[in-house]
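Fold and contact review
Here is what each chain is made of, one letter per residue.
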2 protein chains.
Amino acid sequence: MTKSRTDSTEHVISHVRELIARGELRPGDRLPAERDLALQLSVSRPTIRAGLRALSAMGVIQSRHGSGTFIPDGPPTLGSEPLRFLAALHGFSREEMYEARRVLEVSSAGLAADRATAEHVAAIAEEVASLFASIDDPQEFLVHDIRFHRAVAAASGNQILASLVEMVSALYYERRRETATRATDRNLRDAADLHRSIYQCIRSHDGERARTLMNQHLLHSAAYQAEEEHPRSQAPAAAKNSRKRRT
Amino acid sequence: MTKSRTDSTEHVISHVRELIARGELRPGDRLPAERDLALQLSVSRPTIRAGLRALSAMGVIQSRHGSGTFIPDGPPTLGSEPLRFLAALHGFSREEMYEARRVLEVSSAGLAADRATAEHVAAIAEEVASLFASIDDPQEFLVHDIRFHRAVAAASGNQILASLVEMVSALYYERRRETATRATDRNLRDAADLHRSIYQCIRSHDGERARTLMNQHLLHSAAYQAEEEHPRSQAPAAAKNSRKRRT
DNA sequence: CACCCTCAAGTGGATTGTCCAATAATTGAC
DNA sequence: GTCAATTATTGGACAATCCACTTGAGGGTG
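Residues numbered from 1 in each chain as written. Chains lettered and ligands numbered in written order. Predicted model: local features only at pLDDT ≥ 70, side-chain atom pairs only at ≥ 80, totals over all residues. Heavy atoms only, no water.

Concerning the domain arrangement of chain A
- Assigned domains within chain A: domain 1 (8-70) and domain 2 (81-246).
- Inter-centroid distance (C-alpha atoms) of domain 1 of chain A to domain 2 of chain A is 36 Å. (Domains from an automatic or database assignment.)

Remarks on the relation of the copies chain B and chain A
- By a simple turn and slide, chain B fits onto chain A: the slide is 0.0 Å along the axis, the RMSD is 0.1 Å, and the turn is 180 degrees. With respect to symmetry, the two chain copies, as superposed, fit the operation of a two-fold axis.
- When you check the interface residues of chain B against chain A, 100% turn up at the interface there too, and the contact is symmetric in its surfaces. (Least-squares fit on C-alpha atoms with pLDDT ≥ 70 in both. Contact = heavy atoms within 4.5 Å.)

So, the nonpolar core
- Of all hydrophobic cores here, the largest spans 47 residues; its most connected members are Leu104, Leu164 and Met167 of chain A together with Leu104, Leu164 and Met167 of chain B.
- Put simply, the parts of the chain that give this core at least two residues each are helix 4 (81-90), helix 5 (94-115), helix 7 (138-155) and helix 8 (159-176) of chain A together with helix 4 (81-90), helix 5 (94-115), helix 7 (138-155) and helix 8 (159-176) of chain B.
- Among all residues touching Leu104 of chain A, those that are not within four sequence positions of it are Leu161, Leu164, Val165 and Val168 of chain A together with Val103, Leu104 and Leu164 of chain B. (Core = buried A, V, L, I, M, F, W, Y, C linked by side-chain atoms within 4.5 Å. Buried < 20%, exposed > 50% of the residue type's maximum accessible area, 1.4 Å probe, protein only. Helix = DSSP H or I, 4+ residues; strand = E, 2+ residues; numbered from the N terminus.)

What about a negative patch on the surface?
- Side chains of Asp136, Asp137, Glu140 and Asp185 of chain A sit close together on the surface and give a patch of like negative charge.
- Since its relative accessible area comes to 45%, Asp185 of chain A is described here as partly exposed. (Patch = residues over 30% accessible without salt bridge, like charges linked within 9 Å, V, L, I, M, F, W, Y side chains within 5 Å. Areas by Shrake-Rupley, 256 points an atom, 1.4 Å probe, with all protein chains shown as cover. Salt bridge = Lys/Arg side-chain N within 4 Å of Asp/Glu carboxyl O. Lys, Arg positive; Asp, Glu negative; His and termini not counted. Charge placed at Lys NZ, Arg CZ, Asp CG, Glu CD.)

Observations concerning the packing of helix 5 of chain A against helix 8 of chain A
All names here are of chain A.
- One can describe the packing of helix 5 onto helix 8 by two numbers: an axis separation of 10 Å at closest approach and a directional angle of 145 degrees. In this structure, helix 5 meets helix 8 at a crossing whose hand is left-handed. Of the residues in helix 8, those touching helix 5 at Arg94, Met97, Tyr98, Arg101, Leu104, Glu105, Ser108 and Leu111 are Leu161, Leu164, Val165, Val168, Leu171, Tyr172 and Arg175.
- For the contact of helix 5 with helix 8, the per-class residue count stands at ten nonpolar, one polar and four charged. (Axes fitted to C-alpha atoms, helices over the stretch in contact; angles between N-to-C directions. Left-handed = near helix turned anticlockwise from the far one by under 90°. Nonpolar A, V, L, I, M, F, W, Y, C, P; charged D, E, K, R; others polar.)

Brief notes about the interface of chain B and chain A
- Across the contact, 53 residues belong to chain B and 53 residues belong to chain A.
- Both sides together, the interface formed by chain B and chain A hides about 4,700 Å², and carbon and sulfur atoms give 71% of it.
- It is Arg53, Phe85 and Ile160 of chain B that lose the most area in chain B upon contact with chain A, and together they represent 15% of the buried surface on that side.
- Taken together, the connections running from chain B to chain A amount to six salt bridges.
- Of the charged contacts, one joins Glu10 of chain A and Arg53 of chain B as a salt bridge, the two residues approaching to 3.2 Å between their closest N and O atoms.
- The tally of links between chain B and chain A comes to 14 residue pairs in polar contact (both at pLDDT 80 or more).
- Each residue belonging to the side of chain B that touches chain A can be placed in one class, and the counts come to 32 nonpolar, twelve polar and nine charged. (Buried area = accessible area lost by both parts, 1.4 Å probe. Polar contact = N/O pair within 3.5 Å; in protein donor to acceptor, adjacent residues only side chain to side chain.)

A word on the protein's contact with DNA strand D
- Near DNA strand D there are 28 residues, and of these Arg45 and Arg49 of chain A together with Ser8, Ser44 and Thr47 of chain B occur at the shortest range.
- Atoms of DNA strand D within 4 Å of the protein: sugar and phosphate make up 68%, bases the balance.
- Between DNA strand D and Gly66 of chain A there is a distance of 3.3 Å, counted from a sugar or linking oxygen to a backbone nitrogen or oxygen.
- At 3.0 Å from a phosphate oxygen of DNA strand D is found a side-chain nitrogen or oxygen belonging to Thr9 of chain B.
- Secondary-structure elements contributing two or more residues to the surface near DNA strand D are helix 2 (34-41), helix 3 (45-57), strand 1 (62-64) and strand 2 (68-70) of chain A together with helix 1 (8-21) of chain B.
- Its residues placed into classes, the surface near DNA strand D shows two nonpolar, 15 polar and eleven charged. (Near = heavy atom within 4 Å.)

Overview of the protein's contact with DNA strand C
- The environment of DNA strand C is formed by 27 residues, the closest being Ser8, Ser44 and Thr47 of chain A together with Arg45 and Arg49 of chain B.
- At the protein interface, 65% of the atoms of DNA strand C within 4 Å belong to sugar or phosphate.
- The contact in question runs from a phosphate oxygen of DNA strand C to an N or O atom on the backbone of Ser8 of chain A, over 2.5 Å.
- Within the contact set of DNA strand C, a base oxygen lies 3.0 Å away from a side-chain nitrogen or oxygen of Arg35 of chain B.
- Elements with a minimum of two residues in the surface near DNA strand C: helix 1 (8-21) and helix 3 of chain A together with helix 2 (34-41), helix 3 (45-57), strand 1 (62-64) and strand 2 (68-70) of chain B.
- Classifying every residue of the surface near DNA strand C gives three nonpolar, 14 polar and ten charged.

Focus: the pattern of salt bridges
- If you walk through the whole model with that rule in mind, you get 28 salt bridges over all chains.
- Its salt-bridge partner being Glu10 of chain A, residue Arg17 of chain A comes within 3.9 Å of it at the nearest N-O pair.
- Take Arg17 of chain A: its relative accessible area is 22%, and that puts it in the partly exposed class.
- The closest approach of N and O atoms between Arg186 of chain B and Asp190 of chain B, which form a salt bridge, is 3.5 Å. Of this pair, Arg186 of chain B and Asp190 of chain B both sit in helix 9 (residues 185-203), separated by four residues, roughly a single helical turn.
- Each of the salt bridges in this network shares a partner with another, and the network as a whole consists of Glu10 and Arg17 of chain A together with Arg53 and Glu81 of chain B.

Structural notes on the environment of Met167 of chain B
- Within the secondary structure, Met167 of chain B is located in helix 8.
- As for Met167 of chain B and Leu142 of chain B, which are separated by 25 residues in sequence, their C-alpha atoms are 16 Å apart.
- Excluding its chain neighbours within four sequence positions, the residues that come into contact with Met167 of chain B are Leu78, Leu164 and Met167 of chain A together with Leu78, Gly79, Ser80 and Leu83 of chain B.

This is the structure:
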């Protein structure tokens, strides 16, 4: 069986895929060294490096200079970079992003209310506390805002959903951090209150209300941000109309 | 400004990112040749290749041997490979996948009913017709099933949602195609009928009913598949109970 | 004119060998 | 035992070269 000259890099990727599929590589494990992999697979080291770089771009591995190449520990994460490229190429709007967040996060909040363990609840509570502590620092508030939403998604008990929420929220974070300082104390305080209300619904396992409040929060958030970008005397009324349309 | 020895490959990636951000690279465009890029960025060609391979893994570029490297045309697509690796590493269950699909696709169906153009409707109708034509070929049926769901997501008018649906449905397809032949004519016919009903709701802009039927379809699909894997005399009853719990 | 073939140029795919930079492990001194 | 220096191992990258594929230009034929 002669080795096809093409797809050597793809062979590297599929070799790692098979190791994972066979359970021979798990989160936290270290891959063989590049030189060893090159010997094992009978390809050159630059080819190994190209394959590993592809896997790194997919978030499957992380290489550490001088140490080795590892499968990351921790929850499954897709990262935001692929979605970022897509957004740049295809012009994803802020409205699309908020809508996608609503689709994912309203359901995640409902599931979190059904399934959250005490640990999940504690993690969410911690972010709520941090939100209130950050009202005078919009960048810090944004970080805890993102963490809150990820904690809620983790509490949904669905790893795929949590990965999707993480990916979309990371895209939101990349965009929002450029304008986060525009947020007023008033709207951060309102948002912190809503986060707390969502937390309380999750804690008390009230799924329907968790969904309602998460939806409300994301609609508010979208409206506040729209107002930041186009300040008008009619903006408050527009926000209210937006809510009626959804109910 | 001396060039850091590390992160040359990352520099390749960010260079392409900036070209895209500045609108200098759009879908359908061709990147400079590897040799030219190496000169422009003052890095070696294997470094360019590693960077391009990473971009390729993210679906941002496609290289064609002898032709060049291109930004793909067509709708934004995340591909299934990253999610596949995550699934293999973290053990995503079939239930998680169906639930994630319900979160994404029930809302997408509702939005499609609100927003579908005549072209969207025609594309969905075509897949419905193909579903009925494939009832005696489960693999072909599966292909059109997937296409139906993507067409519905495209009709949602939200590119992010459509990309997420495409990604999760691709994961579903990879898994399902191994067992697709287990489907009976009976359950394929039932599914085709449900697809058609969903299509009709989208065509007539009945968002609420589109949501209900999409949810029902995915729950049915999950139940049929569970029955395929664990045939029991109680299975039909279990499927009914599952429906009641969701209503 | 259209079509086909050949060839050269340009492209991606990959190798070999070498060097650099960071980290981990080992060794020796106290 | 601790700590510092040294060595080994690792990832990061380079330069030069060759292979395989595609494209386009030019020439020949009907």
